[in-house]
Amino acid sequence: MAVLAIGGLFFRSKDPDGLSSWYRTHLGIGAGCAAADTGPAEEWSWKTQGGPVVFAPFKADSDYFAADKQYMLNLRVDDIDGMIEALTAAGIAVETRAEWDSAEIGKFARLHDPEGNAIELWQMPGG
């Protein structure tokens, strides 16, 4: 008996419908979305490609993301530069730092959703 994968991510929102729409529009994720090569979208779920998922609790005083937030969402992407360009064109601030990137782990960028929740984009090496 073993856990196979994360089955969902649930979090509180001041405007669930608006926030869901923002995620679908700008990141292509959420109910009714499907990643490339996963088949047709389904009404209640987001179909994702398989691959690694980092599950890592951080110390309560970590400065890796905002101290007033309990989580940061990390999304694996296949074209981080294209994603940054599209988000920036939509008026969404995206931060990059050379020290976040490494040949062994990949490239990273950060942004925040309309409610201030941190989102980290991650392009794996060779992706």
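Residues numbered from 1 in each chain as written. Predicted model: local features only at pLDDT ≥ 70, side-chain atom pairs only at ≥ 80, totals over all residues. Heavy atoms only, no water.

1. Regarding the overall build of the chain
Counting secondary structure elements, the chain contains 2 helices and 3 strands. C-alpha atoms of the chain, sized along the principal axes, occupy 40 × 40 × 35 Å. The buried share of the chain, reckoned over its 127 residues, is 24%. The long-range fraction of contacts in the chain, counting pairs at least 24 apart against all pairs at least 6 apart in sequence, stands at 47%. Accessible surface, the chain: about 9100 Å² in total, of which carbon and sulfur atoms supply 55%. Averaging the coordinates of the 10 positive side-chain charges in the chain and doing the same for the 19 negative ones gives two points 5 Å apart. (Helix = DSSP H or I, 4+ residues; strand = E, 2+ residues; numbered from the N terminus. Buried < 20%, exposed > 50% of the residue type's maximum accessible area, 1.4 Å probe, protein only. Contact = heavy atoms within 4.5 Å. Areas by Shrake-Rupley, 256 points an atom, 1.4 Å probe, with all protein chains shown as cover. Lys, Arg positive; Asp, Glu negative; His and termini not counted. Charge placed at Lys NZ, Arg CZ, Asp CG, Glu CD.)

2. Overview of the layout of surface pockets
Looking at the second largest pocket, its volume works out to about 160 Å³. Lining the second largest pocket are F11, R12, K14, K69, Q70, Y71, E115 and N117. A class-by-class count of the residues in the lining of the second largest pocket yields 2 nonpolar, 2 polar and 4 charged. (1 Å grid on protein atoms, 1.4 Å probe; cavity = no way out; pocket = protein on both sides within 12 Å on 5 of 7 lines; lining within 4 Å. Points joined across faces, edges and corners; volume = space filled by probe spheres on them. Nonpolar A, V, L, I, M, F, W, Y, C, P; charged D, E, K, R; others polar.)

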